[in-house]
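Report on the structure
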Amino acid sequence: MIIGGAHDPQLITALAGPGGWIDSLDILMAGRGSGHPDTSPRLADRPDLATHPRAAFAARIRDQPSLLGYQDRRRAALAVISRGIAGLTELSFELEPGHRGHGGGTGLVRDALTAIPAGQLVLAAVAPGNAASVRALLSAGFIPLGAVQLFRRP
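To keep things clear, this report deals only with the structure shown in the data block. None of the values given here were measured: they were computed from a predicted structure.

**Some remarks on helix α3 (residues 104-113)**
Helical periodicity: at 3.6 residues per turn, an α-helix aligns residues three or four positions apart in one direction. Across the 10 residues that make up α3, a large majority, seven, are buried. Next to the buried residues of α3 lie β1 (21-32), β4 (78-83), β5 (89-94), β6 (121-126) and α4 (131-139).

Here's what the structure looks like:
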């Protein structure tokens, strides 16, 4: 028996087919929204961030991406809430370099969760090597569920 055979490079390559796209093997994490109908979310719609690489990536692989960020237009922190794996709500985020290392990622995740109804399941897929994002998600209450690797046939 081969443990981890589902992520064998030969299998994933065969499933994606020649010229297919294969993403990294990510940790799949789950959290819950914290938004309430009588309270405004802490993040605002930020369509001006549509050219951000994270926004462009989300637009290619997810459905109905909503771009959120801080009201202060000098900030480029981005949270993308979309329909992702199995049609569930998915969160991805990126904090500007000048705000990293001091809990800013955790704050961004917690702020993004206020845009999602309280108790609603939220997934996040993060590369295991992205220790800062893993820590931010864990600190914001997300729990690891397993692993996921996306691929797309040409």
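Now that the structure has been shown, we can carry on.
**Topic: the pattern of salt bridges**
Overall, the coordinates contain eight salt bridges when judged by the stated rule. E94 is paired through a salt bridge with R54; the nearest N and O atoms lie 3.3 Å apart. Here E94 is found in strand β5, whereas its partner R54 is found in helix α2 (residues 53-61), with 40 residues between them in sequence. Accessibility expressed as a relative area gives 25% for R54, which makes it partly exposed.

**Looking at the side chain of T114**
Structurally, T114 is set in the loop between α3 and β6. What makes T114 buried here is its relative accessible area of 11%. Among the polar contacts listed, one links the side chain of T114 to the backbone nitrogen of R42, at a separation of 2.9 Å. One polar contact links the side chain of T114 to the main-chain carbonyl oxygen of D111, over a distance of 2.6 Å.

**Remarks on a nonpolar patch on the surface**
Where nonpolar side chains cluster on the molecular surface, the patch consists of L11, L15, I22 and F151 and spans about 300 Å² of accessible area. With respect to the helices and strands, L11 occurs in helix α1 (residues 9-16).

**Describing the environment of H7**
Along the chain, the position of H7 falls in the segment before α1. Owing to a relative accessible area of 31%, H7 belongs among the partly exposed residues under this scheme. For H7 and V148, which are 141 residues apart along the polypeptide, the C-alpha to C-alpha distance reads 9.0 Å. If sequence neighbours within four positions are ignored, H7 has contacts with I12, L25, A147 and Q149.

**Description of the pairing of strand β3 (residues 63-69)**
Taken together, the two bridges between strand β2 (residues 44-45) and β3 define a ladder with antiparallel strand orientation. Counterpart to D45 in the pairing with β3 is L68. Inspection of the sheet shows β3 paired to β4 by four bridges, in the antiparallel sense. Pairing of L68 across the sheet is with A79, part of β4.

Reading the values: the criteria
Residues numbered from 1 in each chain as written. Predicted model: local features only at pLDDT ≥ 70, side-chain atom pairs only at ≥ 80, totals over all residues. Heavy atoms only, no water. Buried < 20%, exposed > 50% of the residue type's maximum accessible area, 1.4 Å probe, protein only. Helix = DSSP H or I, 4+ residues; strand = E, 2+ residues; numbered from the N terminus. Contact = heavy atoms within 4.5 Å. Salt bridge = Lys/Arg side-chain N within 4 Å of Asp/Glu carboxyl O. Polar contact = N/O pair within 3.5 Å; in protein donor to acceptor, adjacent residues only side chain to side chain. Patch = residues over 30% accessible without salt bridge, like charges linked within 9 Å, V, L, I, M, F, W, Y side chains within 5 Å. Areas by Shrake-Rupley, 256 points an atom, 1.4 Å probe, with all protein chains shown as cover. Pairing = 2+ DSSP bridges.

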